[in-house]
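One letter stands for each residue in the lines below.
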Amino acid sequence: MIVPDAENAVDLPPAVVARLCDRRAGIGGDGLLHVVRSAAHPEARHMADEAEWFMDYRNADGSVAEMCGNGVRVFARYLEHAGHVTAGRLAVATRGGVKHVHLDKDGSVTVAMGRAVLAEAGVTVTVDGRSWPARNVNMGNPHAVAFVEDLDHAGNLFTEPPYEPAAVYPDGVNIEFVADRGPRHVAMRVHERGAAETRSCGTGACAVAVATARRDGADPAETGTPVTYTVDVLGGTLVITEHPDGQIDMTGPAVIVAEGTVDPAWLG
Ligand SMILES: N[C@@H](CCC[C@H](N)C(=O)O)C(=O)O
């Protein structure tokens, strides 16, 4: 859900965000993108020279997250739709730093996601009596990537699958389950921190692509050749390329599906 508020005048405490994102009592969403001018937001003022707009991202439960990969692509789509930018390249400020986005003429949106950080300390994730080791990948936000034979083995994902040691992720984690679909082609399901199962997670898809590449013995830093993975998510397909310098590009569609106004009395 996108809330335009250029001058940062709308108060969005966690309870209001959670209510707006509630699919029964509110509008419904996996998260909320508060669209604010960087200069008008205390957390983004230092990025204002580089990026005019700040994506103040909140998870569906009202918690704050560092980054949202799909969010930043649809954020750019909204800026174009509202006439703030034209197609082409633009910079968006996020809590994970400034991200460069390209609005392609074919309707797809590519974002330069930065580098993945892979940590040695992983966890073991358990669902319905099955356990898998999960790779620890940070994309600005934390991920645990588990390779499974069958995506159904991830269960219903209504609640967060238990993992240990819990201390590896003191701020919580997004958990991806990955199954092979073909050469450099995988499918994933995700349980997102602060949102439960979602139909796509962009930072998650990047974490999955990098973890899969390393599992497959592919490292662009070593070969000097970019590596591209197609990642199927429940909501569609994302294409992830890791370059020799570690930079990751993510491409996929971004569509605004509806617009409306919220009754301020309800919001109050
Ligand atoms: N739930 C995530 C933030 C949102 C990630 C997102 N869906 C994406 O597309 O990257 C978190 O708390 O880190």
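Because the structure is predicted, anything quoted here is derived from the model rather than measured.

**Student:** Is there a simple way to explain the site of the ligand in this structure?
**Tutor:** For the ligand, the set of nearby residues contains 14 residues, the closest of which are Gly69, Glu192, Arg193, Gly202 and Thr203. Within the side chain of asparagine 59, one N or O atom sits 2.9 Å away from a nitrogen atom of the ligand. Measuring from an oxygen atom of the ligand, one finds a side-chain N or O atom of arginine 193 at 2.8 Å. Burial of the ligand by the protein amounts to 98% of the accessible area it has alone, namely 370 Å². Class assignment for the residues of the shell around the ligand results in five nonpolar, seven polar and two charged.

**Student:** Would you explain the domain arrangement of the protein chain in this entry?
**Tutor:** Frequently, the measure chosen for interface size is the accessible area removed from exposure when the parts meet. Examined at the domain level, the protein chain breaks down into domain 1 (2-113 + 254-267) and domain 2 (117-245). Its C-alpha centre places domain 1 at a distance of 24 Å from the equivalent point of domain 2. Across the contact, 13 residues belong to domain 1 and 15 residues belong to domain 2. When domain 1 packs against domain 2, the two sides together hide about 1,000 Å² of surface, and 47% of this comes from carbon and sulfur. Broken down residue by residue, the surface that domain 1 buries against domain 2 is led by Glu66, Asn70 and Met113, which jointly contribute 45%. On inspection of domain 1 and its partner domain 2, the count reaches one salt bridge. Put simply, glutamate 66 and arginine 193 hold a salt bridge, and the shortest N to O gap is 2.7 Å.

The rules behind these values
Residues numbered from 1 in each chain as written. Predicted model: local features only at pLDDT ≥ 70, side-chain atom pairs only at ≥ 80, totals over all residues. Heavy atoms only, no water. Near = heavy atom within 4 Å. Polar contact = N/O pair within 3.5 Å; in protein donor to acceptor, adjacent residues only side chain to side chain. Areas by Shrake-Rupley, 256 points an atom, 1.4 Å probe, with all protein chains shown as cover. Nonpolar A, V, L, I, M, F, W, Y, C, P; charged D, E, K, R; others polar. Domains from an automatic or database assignment. Contact = heavy atoms within 4.5 Å. Buried area = accessible area lost by both parts, 1.4 Å probe. Salt bridge = Lys/Arg side-chain N within 4 Å of Asp/Glu carboxyl O.

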